[in-house]
Amino acid sequence: MSEKWEGILRVAAYARISVVTERTPKSLATQIDYYSTLIQSTPGWKYMGVYSDEGKSGTNQNRAGFQELLAACRNGQIDLVLTKSISRFGRNTLDVLTTCRELKEIGVEVRFEKEGISTFSADGELMLTLLASFAQAESEQLSENVKWRVRKKFEQGRANGFHLYGYTDSKDGTDAAIVEEEAKVIRWVYDSFLNKVSAERMSEQLEEQGIKGRDGQSIGPSTIRCWLKNEAYTGTLVLGRWITPGLGVHARPQNNEQTMYRVENAVPAIIDRETFDKVQTERAKRRSQGAFANWSIRTSTFTSMIYCTHCQGYFRAANWTKKGRKDDSRRRWVCRTNRDGVASCPTKPIAERSLIHICQEQLGIEELTIESLREVVERIEITRNGWGTFILTSGEHRELEIPTIDYRHQTWTEERAKTHGQKLRSFWESMNEEERREYLARTKRRKPSYKRSPETIEKMRQAQKDRWTPEARAEVGRRNRERWAAMTEEEKAERFRRIKAGFTPEGKARKAKASKRSWTPERKAKASKFMREMRAQGRCQPNNQQGTNGKEEEK
C-alpha cells in the first residue's frame, strides 16, 4: 500500500527567479527555506524536496528544475506540488494548463498560494485559466517594453550588449576596448586567409600553438569563418539584425521586417576597411569555385560542375567498389543528398563514362581535362533523369540526353567469358554427385524470394518470347549440335549416366508437380487445337487407333 493511502502526502515545492541580480540569490534562498520549513513542519506531509530554477524565463518549459519536478511526478514520487504563484509556475497559458491537466490525470495536485487555487477544486481550472492568461499578458507587455527600450538604444547608436572575441565585454558597445592578445589572432586569421590558407588549416595551426577561445575550447573552422565575415572588426556595427517574433520564440535574422541601424566607428577597429573588402572578395571567389577553392580536397574533371536543380546542390563522385577495391572506370556522380543520406532526391546516379562520351561526341572536346572542360562548359544542370542541360560559356543552353553505360556488356569479352566458363567447370568437376546436390540445395535456400506482381511476370514472359526468335532458336541448336559432335563416346555415356541418375523419385515427383501446375486450361486448349490440326493433316493418328495397332502387333 502506498504512503498516500496511509494518510501521508508526499509534498514538493517549486521556486523560480527569472533575472539574476545581486539580490535574487537571497530571494531564491528565502523561497527554498520557507517551503522546506513549511512542508517538514506540517503533520501528514513528507518532505520530497524543493525544485528551483535560477535566471530562467517562465515563457517556456525548458527549465532543468521544472523538468526534474515533472519527471518525479510522472514516476509516482510526489502527490502534492506547492508554488508561490501562477507566474512562478509559467507565463504561457497553454503550457500551464497542459501541465496542470497532465498532473491532475496522474493524481498530483498543484496549489498556488498567492491566488489560493488548487487544481483539485471544482472551480480550480476556471480560475487557473483566467489568472494564467493574466500572467501571459503581463509577460507579453513586459516583452514589448523591453523591445521598445532596445529599439530606442539602437536609434541612439548603442548596442544591446556587445560580446566579441578581440574586445572587452560591454553593455552597449560604447566602452568596448581592444584586447591586444586576441586582436593579434584576428589579424593573423585575415592575413592567412589572403595567403590561401583554409579555415581548417588555420584551426589546426591555432591548436598547435595552444591558442584557445574564451571558453577554453579549440577554435574551430566555423568560428574562423564567422570572424572573416564580421564587419564589427572594422569598427562598424549593424544593429537590429535579429528579431524575436513572439513570446517564447527564439530570435532569428530579420528580412527587412524592421529598421536596421548602421553605426560607423562604434568600436575601435582591429581590421582596416581595405583588408576586410579584400577578404570578402576572396570569399565570394572561393564560393564560386566550390571545391576547387579548398586545396585539401581531391578534385576531378566534373567536380562542382554537375548541379541538381531539385536539391540546389552539386553532385559528388562515388567510385564503384567490390571487395574493398575501387575502380575509377566505374565512377558515378550522385546527388549529395542521396550520397550523404540526408534526404531522398529523385535524380539517379550518372556514370562518368556517359558524361565523357557527351563531351567528346556532342561538344567536340577531344582531350577532356579540367581546363578544357571549363573553357567550353560553365555548368551541367540535371532537371530530370536521363537528360542534362549543358550551360556553355558562350551563353548557349543545350539539353542533351545522357546515355546509360552497360558496364557488364562492355567488360564481358570473349576472353573473360572463356575464363569464367573454365572456372565454373573446374568448380563442378571438383565435387561428386552428392556434394553437388547438397550445394544446390544450400544455394536454393539462400536465394531470396522476390514477390513479383502479375504485371511484372507477364512482362518478363513477353520479353522471353520476344527474344526467342527463329534466329535465336537456330543459333542455340547449332551450338548444341557442335558441342555434341565434339564430345567423345565416353563423354556422351557419362552425360547419359548423369541424366539418368538425376531422375530420382523425389526429382520425378517434383517434376510431375511442376508439370501439373503449369498445365493450365489455356495450355490444354492450345495443345488440343494443335493435335486436331496435326490429325487433319494426316501427320499423326488418334490414340485409340495407335493402341489397337499396338495390341495387334503384339498378338
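Think of each chain on its own: its residues are numbered from 1, step by step along the sequence as written. With the structure being a predicted model, the display of local features is reserved for residues of pLDDT at least 70 and the display and counting of side-chain atom pairs for 80 or more, all residues being used for whole-chain, interface and lining totals. As a rule here, side-chain values come from all non-hydrogen atoms in the structure, and water together with hydrogens is ignored.

Participant: Can you help me understand the overall build of the protein chain in this one?
Facilitator: For helices the rule is a DSSP run of H or I covering at least 4 residues; for strands it is a run of E covering at least 2, with both sets numbered from the N terminus onward. Looking only at helices and strands, the protein chain features 21 helices and 16 strands. Here's how the labels work: a residue is buried when its accessible area is under 20% of the maximum for its type, exposed when over 50%, partly exposed in between, all with a 1.4 Å probe on protein chains only. For the protein chain, the residues scored as buried account for 31% of the 555 residues in total. Sequence separation of at least 24 residues holds for 57% of the intrachain contacts in the protein chain that already meet a minimum separation of 6. For every accessible area listed, the method is Shrake-Rupley and the probe measures 1.4 Å; residues are considered covered only by the protein chains on display. With an accessible surface of roughly 37400 Å², the protein chain has 50% of that area assigned to carbon and sulfur atoms. Residue contacts are counted whenever heavy atoms from the two residues lie within 4.5 Å of one another.

Participant: Is there a simple way to explain the sheet that holds strand S5 (residues 117-118) in this structure?
Facilitator: The strands making up a sheet are joined through hydrogen bonds of the backbone, oriented either antiparallel or parallel. Pairing between strands requires that DSSP locate at least two bridges from one strand to the other. In space, the five strands of this open sheet follow the order S2-S1-S3-S4-S5, with mixed pairing throughout. On the outer flanks of this sheet lie strand S2 (45-54) and S5, each paired with one strand and no other. In this sheet, strand S3 (residues 80-83) lies alongside strand S1 (residues 9-17) in parallel orientation, the contact comprising four bridges. The residue of S3 that forms the bridge with Ala 12 is Val 81.

Participant: So what exactly am I meant to see when it comes to helix H11 (residues 352-361) here?
Facilitator: Restricting attention to buried positions, one finds in H11 the residues Glu 352, Ser 354, Leu 355, Ile 358 and Cys 359. The buried residues of H11 occupy an angular sector of 160° when the element is viewed end-on, so they sit on one face. In this context, the arc is that of the directions from the helix axis out to the C-beta atoms.

Participant: Before we go on, may I ask you to explain the confidence of the model for the protein chain in this structure?
Facilitator: On average, the protein chain scores 78 in pLDDT, and the residues at 70 or more come to 79%. Think of pLDDT as the predictor's per-residue confidence, scored from 0 to 100. Low confidence marks residues 1-5, where pLDDT is under 50. Its contacts with residues over four positions away, or in another chain, come to seven contacts.

Participant: I tried to follow a nonpolar patch on the surface on my own but got confused; where do I start?
Facilitator: Each patch is assembled from residues with relative accessible area greater than 30% and no salt bridge, linking like charges that lie within 9 Å and nonpolar side chains (Val, Leu, Ile, Met, Phe, Trp, Tyr) that lie within 5 Å. We define a salt bridge as a contact between a side-chain nitrogen of Lys or Arg and a carboxyl oxygen of Asp or Glu at a distance within 4 Å. Together, Leu 424, Phe 427, Trp 428 and Leu 440 make up an exposed nonpolar region whose accessible area comes to about 340 Å². Among the elements that line the nonpolar patch, the one with the most residues is helix H14 (residues 414-429), at three residues. Relative to the elements of secondary structure, Phe 427 occurs in helix H14.

Participant: Explain the pattern of salt bridges to me, please; I cannot follow it from the model alone.
Facilitator: Between side chains of opposite charge, a pair can form when the charged atoms approach closely. With the rule as written, the count across this model stands at 22 salt bridges. Close ionic contact of Arg 74 with Glu 102 constitutes a salt bridge, the shortest N to O distance being 2.8 Å. Remark: Glu 102 occurs in helix H4 (residues 93-105) and Arg 74 occurs in helix H2 (residues 64-74); sequence separation between them is 28 residues. On the accessibility criterion, Glu 102 (27% relative accessible area) is partly exposed. For the salt bridge of Glu 208 with Arg 201, the shortest nitrogen-to-oxygen distance reads 3.8 Å. Judged by relative accessible area, which is 59%, Glu 208 ranks as exposed. Relative accessible area serves as the criterion here: at 35%, Arg 201 is assigned to the partly exposed category. Taken together, the shared-partner salt bridges in this structure form one network comprising Glu 475, Arg 478, Arg 479 and Glu 482.

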